[in-house]
Amino acid sequence: QVQLVESGGGSVQAGGSLRLSCAASGYTFSRFCMGWFRQAPGKEREGVATIDSYGRTEYGDSVKGRFTISRDNGKMTVYLQMNSLRPEDTAMYYCAADPPPCSTVVADLSRYAYWGQGTQVTVSS
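**Overview of the sheet that holds strand β3 (residues 18-25)**
The 4 strands are arranged β1-β3-β8-β7 in an open sheet whose pairing can be described as antiparallel. The sheet is open, and its two borders are formed by β1 (3-7) and β7 (67-72), each paired with just one other strand. Recorded for the sheet is a direction-independent mean angle of 15 degrees between the axes of neighbouring strands. In the sheet, β3 pairs with strand β8 (residues 77-82) via 6 bridges, with the strands oriented antiparallel. If you follow S21 over to β8, its bridge partner there is Y79.

What follows is the structure in structure tokens.
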């Protein structure tokens, strides 16, 4: 079965960096779109970044220029490099997979059929 396991979260000061990883198993990873999403307490889950099987990416407006999504199909892993972190980036971060035919529309959370358990990111000022 499809499994997604996130890692790399933690606590960091504003301006710092973190790199999240999501290890996938149980499906043909290379064919799926992958995405990172986040949810802060009391807020709706939102799209952060997505990447398709060709490496095309899309980002939420609030993270453009600061976050970078990438994937390694051989390792079946998707990454989220987060730089210049801000307190408002504090949230639980989730990895998700969208089966083909997939879409990189970052706002379309409903397409993502498979989700990990999440990893917490806390940014202090």
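**Description of the pattern of salt bridges**
The full count for this structure, using the stated rule, is 6 salt bridges. In this structure, the salt-bridge partner of R66 is D89, at a minimum N-O distance of 2.7 Å. Note that R66 is positioned in the loop between β6 (57-59) and β7 and D89 in the loop between β8 and β9 (91-98), a separation of 23 residues in sequence. Summarising the burial analysis for this pair, R66 and D89 share the class buried. D98 is the partner of R111 in a salt bridge, and the nearest nitrogen-oxygen pair spans 3.1 Å.

**Considerations on the state of the cysteines**
Think of a disulfide as a covalent bridge from one cysteine sulfur atom to another cysteine sulfur atom. Scanning all chains against the criterion turns up 2 disulfides. C22 shares a disulfide with C95; S-S distance 2.1 Å. Given an S-S torsion of about -75 degrees, the disulfide between C22 and C95 has left-handed geometry. Here the residue C22 occupies a position in strand β3, and C95 occupies one in strand β9, the gap between them amounting to 73 residues. With relative accessibility at 0%, the residue C95 sits in the buried group. What pairs with C33 in a disulfide is C102, and their sulfur atoms sit 2.1 Å apart. Its torsion about the S-S bond being 65 degrees, the disulfide of C33 and C102 is classed as right-handed. Here C102 lies in the loop between β9 and β10 (114-115) and C33 lies in strand β4 (residues 33-39), a separation of 69 residues in the sequence. The class of C33 is buried, set by a relative accessible area of 0%.

Each value, and the rule that gives it
- Residues numbered from 1 in each chain as written.
- Predicted model: local features only at pLDDT ≥ 70, side-chain atom pairs only at ≥ 80, totals over all residues.
- Heavy atoms only, no water.
- Pairing = 2+ DSSP bridges.
- Helix = DSSP H or I, 4+ residues; strand = E, 2+ residues; numbered from the N terminus.
- Axes fitted to C-alpha atoms, helices over the stretch in contact; angles between N-to-C directions.
- Salt bridge = Lys/Arg side-chain N within 4 Å of Asp/Glu carboxyl O.
- Buried < 20%, exposed > 50% of the residue type's maximum accessible area, 1.4 Å probe, protein only.
- Disulfide = S-S within 2.5 Å.

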